[in-house]
Amino acid sequence: MRLSKYFLPTLKENPAEAQIVSHRLMLRAGLVRQQAAGIYAWLPLGFRVLKKIEAIVREEQDAAGAQEVLMPTIQPAELWQQSGRYDDYGKEMLRITDRHDRPMLYGPTNEEMITEIFKDGAKSYRDLPKNLYHIQWKFRDEVRPRFGVMRGREFLMKDAYSFDADYEGAVVSYRAMMLAYMRTFQRLGLKAIPMQADSGPIGGDLSHEFIILAETGESEIFYDSDFETVDWVKGGYGYTPASLEKFFAEMTARYAATDEKHDKAAWEKVPQARRRTGRGIEVGHIFYFGQKYSAPLGLTLAGPDGRPIIPHMGSYGIGVSRLVGAVIEACHDANGIVWPDPVAPFRCAILNLKPGDAACAALCERLYRAIPEALLDDRDERAGVKFGDADLIGLPWQAIVGPRGAAAGRVELKRRAGGERQELSLEDALAKLLG
Ligand code: P5A
């Protein structure tokens, strides 16, 4: 992409309404624009990040055996009256009436709807287990939407729903999602800590929150440093019930708690060298809730002995749009965003410091053609402006081309994280960038 043609409205000043760094940087780097309180439009650069996060979340859900569907954003109120949540949800639910005076709502979550869909399609225990997920916009009329996309009213969530014949089966499904989450957050370049959680209005008695480490996070956390060092992707953890059991045992044996649940006695038992405190942001939440929805919504299947069974369910959420803000909270410096490679909107910014110079233009074009995801700053702007914008938007690499270097066929390659710079030949620069 050529920056001269790209829609990238960056801001020089910090927007007054933004209280936290990710919100400031998302506005300044031209990722999003607010349309109403807690409701955002995604601009080209931000939308690329959102899509990259979504793709990694999707790959890991698929790898764990979940199947993607797409449910609508608008739901009939009737389903929620059946589960009893229509009144419970209160003002957080955006209620809508259609032209026939039918009560509808903008879905804050989809437990009821997926139960109805599964009920319609499944006949017997042979249809179990299943895990269905979608990645869809939700609406919650939060009292105080704030911190940009971190606590929005409209937000993108990945929500998965598992159906099992019994508690034992549901626990396997629950553990599989837990492993998928650890793998997902690691692949996004984040350190995530799973924490025992209250299940809140969703209900149930087995629940974990996933907190990613960020100095600017809202909750204070205490955890075993093992969580930072285990490689969930390459560590050989698999999705068979036996390996999931081992994984879950290892996971829950390690200490992790928010300040509200911090247990001093248990903390003292963690070896001193492994005790870590930090701050974090909740990016995922998973629940087992048994027959809470299957029973009232009449999801009954024929069991192996012909007697009816009511499936045990769980639901598993990841805040996909919140993750864009959370990644920035975890990965930034005084000059701007520092995208982890896997979610960066482009891989490399090519800075043409003298667009009128033939050698600069030629070298930039060669780089631009060779690098698959490059953003070429070909604007007629001062070098200082280009450096500032490149740091602000935070692509992992910057290939800086000035007249002196270009004449010698050389490029300055800067790594955004850490700021290390090297002057290299075109070939060496490409080898480093593409290797
Ligand atoms: C689990 C999936 C649920 O809704 N039902 C379906 C369950 N859980 S949750 O904890 O309420 O939400 C899941 C994740 O969504 C993100 N999230 C938000 N992101 C941005 N703005 C919001 N207002 C918001 N509310 C929830 C969080 O990452 C949460 O973990």
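Model, not experiment: these values are computed from the prediction. (Residues numbered from 1 in each chain as written. Predicted model: local features only at pLDDT ≥ 70, side-chain atom pairs only at ≥ 80, totals over all residues. Heavy atoms only, no water.)

1. Considerations on the overall build of the chain
Stated formally: Think of it this way: any DSSP run of H or I at least four residues long counts as a helix, any run of E at least two long counts as a strand, and we number them from the N terminus. Computation of the radius of gyration draws on C-alpha atoms alone. For the globule rule, the value is 2.2 Å times the number of residues to the power 0.38. The rule is simple: take the accessible area with a 1.4 Å probe, protein chains only, and divide by the maximum for that residue type; under 20% is buried, over 50% is exposed, in between is partly exposed. Contacts were defined at the residue level, with two residues in contact if any of their heavy atoms lie within 4.5 Å. His is not counted, nor are the chain ends; Lys and Arg add positive charge and Asp and Glu add negative charge. A charged residue contributes its charge at one atom only: NZ of Lys, CZ of Arg, CG of Asp or CD of Glu.
Check the secondary structure of the chain and you find 14 helices and 23 strands. The globule rule puts the C-alpha radius of gyration for 435 residues at 22 Å, and the 24 Å found for the chain is close to it. In terms of overall dimensions, the chain has a C-alpha envelope of 80 × 60 × 40 Å along the principal axes. Residue burial in the chain is summarised as follows: out of 435 residues, 53% are buried. Long-range pairs, those at least 24 residues apart, make up 71% of the contacts in the chain with a sequence separation of at least 6. In the chain, the 57 positive side-chain charges and the 60 negative ones have mean positions that sit 4 Å from each other.

2. Brief notes about the site of the ligand
Filter applied, for reference: Residues are classed as near a molecule or strand on a simple rule: at least one heavy atom within 4 Å of it. Throughout this description, a polar contact denotes any pair of N or O atoms lying within 3.5 Å of each other; where both atoms belong to protein, one of them has to be capable of donating a hydrogen while the other can accept it, and for residues adjacent in sequence the pair is counted only when both atoms sit in side chains.
The environment of the ligand is formed by 23 residues, the closest being T109, E111, R140, G152 and E282. T109 is positioned with one of its side-chain polar atoms (N or O) 2.9 Å from a nitrogen atom of the ligand. R140 is positioned with one of its side-chain polar atoms (N or O) 2.7 Å from an oxygen atom of the ligand. When contributions to the shell around the ligand are tallied by element, the ones reaching two or more residues are β8 (154–164), β13 (275–290) and β16 (312–319).

3. Points about the environment of N335
By secondary structure assignment, the location of N335 is in the loop between β17 (332–333) and β18 (336–337). Placed 57 residues apart in sequence, N335 and L392 show a C-alpha to C-alpha distance of 5.8 Å. Those residues in contact with N335 that lie beyond four places of it in its chain are D391, L392 and R416.

4. Focus: helix α6 (residues 167–187)
Put simply, the test is: Given a helix with a known number of residues, its expected span is that number minus one, times 1.5 Å.
Taking 1.5 Å per residue as the helical rise, α6 with its 21 residues ought to reach 30 Å, and the 30 Å between its terminal C-alpha atoms agrees with that figure. Counting buried residues in α6 gives 16 out of 21 residues, a clear majority hidden from the surface. G189 sits one or two residues past α6 and shows a positive phi near 90°.

5. Re the nonpolar core
The following threshold applies: Among the buried residues, those of types Ala, Val, Leu, Ile, Met, Phe, Trp, Tyr and Cys that are joined through side-chain atoms within 4.5 Å form a nonpolar core.
Judged by nonpolar contacts, the single largest core of 87 residues is most densely connected at L31, I53, F185, F247 and W339. In terms of residues, this core owes the most to one element, α6, which gives ten residues. When near neighbours in sequence (up to four residues on either side) are disregarded, F185 contacts L190, A192, F210, V283, G284, I318 and L323. Listed in part, the 24 residues of the second largest apolar core include W80, Y86, I114 and F289.

6. Observations regarding the packing of helix α1 (residues 21–28) against helix α10 (residues 320–330)
Between two packed helices, the angle of one axis relative to the other and the distance separating the axes together describe the packing. Here is the rule: Working convention: axes come from line fits to C-alpha atoms, limited for helices to the stretch in contact. Angles between N-to-C directions cover 0 to 180 degrees. Should an angle fall under 35 degrees it is taken as roughly parallel, and over 145 as roughly antiparallel, whereas 65 to 115 is taken as roughly perpendicular and any remaining angle as oblique. Here the nonpolar group is Ala, Val, Leu, Ile, Met, Phe, Trp, Tyr, Cys and Pro; Asp, Glu, Lys and Arg are the charged ones; every other residue, Gly included, is treated as polar.
Packing of α1 against α10 brings their axes to within 8 Å, and their N-to-C directions diverge by 110°. Considered as vectors, α1 and α10 are oriented roughly perpendicular to each other. Contacts between α1 and α10 involve V21, S22, L25 and M26 on the former and, on the latter, V324, G325, I328 and E329. For the contact of α1 with α10, the per-class residue count stands at five nonpolar, two polar and one charged.

7. Quick word on the side chain of E54
Examined against the element boundaries, E54 turns out to sit in helix α2 (residues 44–63). Filtering out sequence-adjacent residues up to four positions away, E54 remains in contact with I135, L156 and V320.

8. Overview of the packing of α6 against helix α8 (residues 241–253)
Counted only if it meets this: We call a crossing left-handed when the near helix sits turned anticlockwise from the far one by less than a right angle, and right-handed when that turn is clockwise.
Across the interface, α6 lies against α8 with an axial gap of 9 Å and an inter-helix angle of 65°. Considering the angle they form, α6 stands roughly perpendicular to α8. At the point where α6 passes α8, the crossing takes the left-handed sense. From α6, V172, Y174, R175, A176, M178, L179 and M182 reach across to α8, where they touch P241, L244, E245, F247, F248 and M251. Residue composition of the contact of α6 with α8, grouped by class: eleven nonpolar, no polar and two charged.

9. Description of the environment of F248
Relative to the helices and strands, F248 is located in helix α8. Beyond its immediate sequence surroundings of up to four residues, F248 is in contact with Y174, R175, M178 and H208.

10. Re the pairing of strand β19 (residues 348–352)
Within a regular strand, side chains alternate between the sheet's two faces. Just so we agree on the cut-off: For two strands to be treated as a pair, DSSP must find at least two bridges joining them. A clockwise path from the first strand over the helix to the second, with the strands pointing away from the viewer, defines a right-handed crossover.
Burial of β19 is extensive: five of the five residues sit out of reach of the surface. With four bridges joining them, β19 and strand β20 (residues 374–377) adopt parallel strand pairing. When the sheet's bridge partners are listed, I350 is paired in β20 with L376. In this fold, β19 hands off to helix α11 (residues 358–370), which returns the chain to β20; that crossover is right-handed.

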